[in-house]
2 protein chains.
Amino acid sequence: MDSEQQNGAAKARRGSSAHHPRRADAERNISAILAAATTCFGRNPNASMTEIAAAAGIGRVTLYGHFSSREALLSELMERALADVATVLNATDLDEGPADERLRTLIRSSWQLLDRNLRMLHAARRALPAEAVHDHHVGILSTMERLITRGRQEGAFRDDLPSHWLVGTVYALVQAAGDQVEAGQFTSEEALEALDATLASALRPPTP
Amino acid sequence: MDSEQQNGAAKARRGSSAHHPRRADAERNISAILAAATTCFGRNPNASMTEIAAAAGIGRVTLYGHFSSREALLSELMERALADVATVLNATDLDEGPADERLRTLIRSSWQLLDRNLRMLHAARRALPAEAVHDHHVGILSTMERLITRGRQEGAFRDDLPSHWLVGTVYALVQAAGDQVEAGQFTSEEALEALDATLASALRPPTP
DNA sequence: AGTAACTCATACACGACTGTTCAACTTAGC
DNA sequence: GCTAAGTTGAACAGTCGTGTATGAGTTACT
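Thresholds applied
Residues numbered from 1 in each chain as written. Chains lettered and ligands numbered in written order. Predicted model: local features only at pLDDT ≥ 70, side-chain atom pairs only at ≥ 80, totals over all residues. Helix = DSSP H or I, 4+ residues; strand = E, 2+ residues; numbered from the N terminus. Buried ≥ 20, exposed ≤ 12 C-beta atoms within 10 Å, placed from the backbone. Contact = placed C-beta atoms within 7 Å. Least-squares fit on C-alpha atoms with pLDDT ≥ 70 in both. Nonpolar A, V, L, I, M, F, W, Y, C, P; charged D, E, K, R; others polar. Near = placed C-beta within 6 Å. Expected span 1.5 Å × (residues − 1). Core = buried A, V, L, I, M, F, W, Y, C linked by C-beta atoms within 7 Å. Axes fitted to C-alpha atoms, helices over the stretch in contact; angles between N-to-C directions. Parallel < 35°, antiparallel > 145°, perpendicular 65-115°, else oblique. Left-handed = near helix turned anticlockwise from the far one by under 90°. pLDDT = per-residue confidence, 0-100.

Section: the overall build of chain A
- For chain A, the count of helices and strands is eight helices and zero strands.
- For the C-alpha atoms alone, the extent of chain A along its principal axes is close to 60 × 40 × 30 Å.
- With 208 residues in all, chain A has 30% of them scored as buried.
- At a minimum sequence separation of 6, the contacts of chain A that also span at least 24 residues come to 67%.

Have a look at this one:
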């Protein structure tokens, strides 16, 4: 429901850029497809095209008309979700101020996004060829690792564990928070609270 | 390769208990199936029976001869894995000594087991009916939660977050450690080290 | 050495999913 | 109101997975 028109969808159009700007109802259906697919894949990583079309309230053929294959749909979904996150990342000045505060606000500002898309992304990660997945992710992961590396140098983050593990920790806890929201044990706000507090403790340099 | 003969497999035999103790080659094949299935499901949660039979080095029909359905196989796998963990749990006196130390040794002593089985368990959890999964898990989860609750009362664990979140945190980080081992970023020992250190920080009461 | 237990390849019925085609229908846009 | 763009259900071919049956071939146990 956020970024619908410009992203990478235009690449599906034939040949040169300005051929036909797509009709309004098509645009509307594409949005419905993306929304439905996100929730469907979130519920069930093996969701079928039939299932998704039904959830979007359109015919299966129409679905294939917009996304030539299941894989294409997954890829587009992942691209859009990660693009949204990247937008948030780039909106905040990562190299300014204390790194732990930066990570904190970063998590806070992207939590809604993550909470909504994590499970879908998990599905996509499993269904797409490994290299494609990596290509989609490198941007964000490297940004994350850069922030964490800086934080370590400044003493805001612990230095006794490899940075890839710290990144993994963040990732895993975000995932866990999302799961508990889905399981009904947390509201989205409570989960963010817990996530924030736990990450702070987990990443801070240990004091023995 | 650990517990092969006694567990719940006997239930597959017909009627009364002592009918026929199963031949040696059958026993051997069952072990091969369980081992192969564990690694197959670990790699791919949707692994097919054909795939598993091939990995076990036997015919597909033989596989069905021992496990009447895919679901039965998953269920048996989960049962055995969790039984092994439960054995470790019950072997240590959970109600004695400081809770954080107990959790520490608990994680240490079951790490090998967890590392080997976590991904398979994830697959089983997704493919089995929810209630069956819950039945398999209640024992371990409640034990875990009991330990954590005690630790909170003693001040060893943080009290500012709900205990289900703390359990989830442990679970998520164990999972993350397993993933990083599988991704080749950690040896099993390094991962255990990192896991241990991170859990200690994450569960300790915060000191602001 | 003989018998019951076990294995295995082939083959079948069945269902689910993926893409594609077609021809009729509806809608948006100028 | 005309036309191109878009939608639709039905139907089809192809693939893959499950689970069952059969019959002939091995292998373990006594």
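So that's the structure; there's more coming.
Brief notes about the relation of the copies chain B and chain A
- For the pair chain B and chain A, the best superposition has an RMSD of 0.2 Å and corresponds to a rotation of 179 degrees with a translation of 0.1 Å parallel to the axis. These values place the two chain copies in the arrangement generated by a two-fold rotation axis. Residue A202(B) of chain B places its C-alpha closer to the rotation axis than any other residue of that unit, at 2.2 Å.
- A high fraction, 100%, of the interface residues of chain B reappear at the interface in chain A, so the copies pair face to face through one surface.

Let's talk about the interface of chain B and chain A
- At the interface, 19 residues of chain B touch 19 residues of chain A.
- Of all elements in the fold, only α7 (163–182) and α8 (188–203) of chain B reach the threshold of two or more residues within the side of chain B that touches chain A.
- Among the elements that take part in the side of chain B that touches chain A, α7(B) stands out by supplying nine residues, more than any other.
- Taken together, the residues of the side of chain B that touches chain A sort by class into nine nonpolar, eight polar and two charged.

A word on the protein's contact with DNA strand C
- Close to DNA strand C lie 23 residues; A24(A), S48(A), M49(A), I58(B) and G59(B) are nearest.
- Contributing elements (two or more residues each) for the surface near DNA strand C: α1 (24–43), α2 (49–56), α3 (60–66) and α4 (70–91) of chain A together with α1 (24–43) and α3 (60–66) of chain B.

Remarks on α1(A)
Residues and elements named next belong to chain A.
- Relative to the 28 Å expected for 20 residues at 1.5 Å per residue, α1 spans 29 Å between its end C-alpha atoms, a close match to the ideal helical length.
- Residues of α1 that are buried include every one of I30, I33, L34, A36, A37, T38, C40 and F41, and no others.
- Those residues of α1 that are buried are in contact with α2, α3, α4 and α5 (99–127).

Details of the nonpolar core
- Counting 74 residues, the largest nonpolar core has A37(A), L77(A), L173(A) and L173(B) as the members making the most contacts within it.
- The residues touching L77(A), leaving out its near neighbours within four places in the chain, are L34(A), A37(A), T38(A), M120(A) and A124(A).
- Counting 21 residues, the second-largest nonpolar core is a separate cluster that includes A36(B), A56(B), L77(B) and A81(B).

Notes on the protein's contact with DNA strand D
- What surrounds DNA strand D is a group of 22 residues, the closest being N29(A), I58(A), G59(A), T62(A) and A24(B).
- For the surface near DNA strand D, the residue count by class is seven nonpolar, nine polar and six charged.

A short note on the packing of helix α4 (residues 70–91) of chain B against helix α5 (residues 99–127) of chain B
All names here are of chain B.
- Where α4 meets α5, the axes come as close as 9 Å, and the angle between the chain directions of the two elements is 150 degrees. What the angle tells us is that α4 and α5 run roughly antiparallel. Considering only the axes of α4 and α5, their crossing is left-handed. On the side of α4, the interface is formed by L74, L77, M78, A81, D84, V85 and V88, while α5 contributes S109, S110, L113, N117, M120, L121, A124 and A127.
- For the contact of α4 with α5, the residue count by class is eleven nonpolar, three polar and one charged.

Regarding the environment of V181(A)
All names here are of chain A.
- With respect to the secondary-structure elements, V181 resides in helix α7 (residues 163–182).
- For V181, a count of 18 C-beta atoms within 10 Å translates into the label partly exposed.
- Separated by ten residues in sequence, V181 and A191 place their C-alpha atoms 6.7 Å apart.
- What V181 contacts, discounting residues up to four positions off in sequence, is D115, F186, S188 and A191.

Observations concerning the environment of L82(A)
All names here are of chain A.
- Within the secondary structure, L82 is located in helix α4.
- You can call L82 partly exposed: it has 19 C-beta atoms within 10 Å.
- Each C-alpha atom of the pair L82 and I30 lies 18 Å from the other, and the pair is 52 residues apart in sequence.

A word on unusual backbone geometry
- Despite not being glycine, R22(A) has its phi angle at roughly 70 degrees, a positive value.
- In this structure, R22(A) sits in the segment before α1.

Describing the confidence of the model for chain A
- Chain-level statistics for chain A give a pLDDT mean of 89 and a share of 90% at 70 or above.
- Taken together, the stretch residues 1–18 of chain A has pLDDT below 50 and engages in 16 contacts with residues farther than four places along the chain or on a different chain.

Section: the packing of α4(B) against helix α6 (residues 130–154) of chain B
Residue and element names in this part refer to chain B.
- Following both chains from N to C, one finds α4 and α6 inclined at 10 degrees, their axes separated by 10 Å at the closest point. By the angle between their directions, the pair α4 and α6 is classed as roughly parallel. Between α4 and α6, the contacting residues are S75, M78, E79, L82, V85, A86 and L89 on the first element and A132, H136, H137, G139, I140 and T143 on the second.

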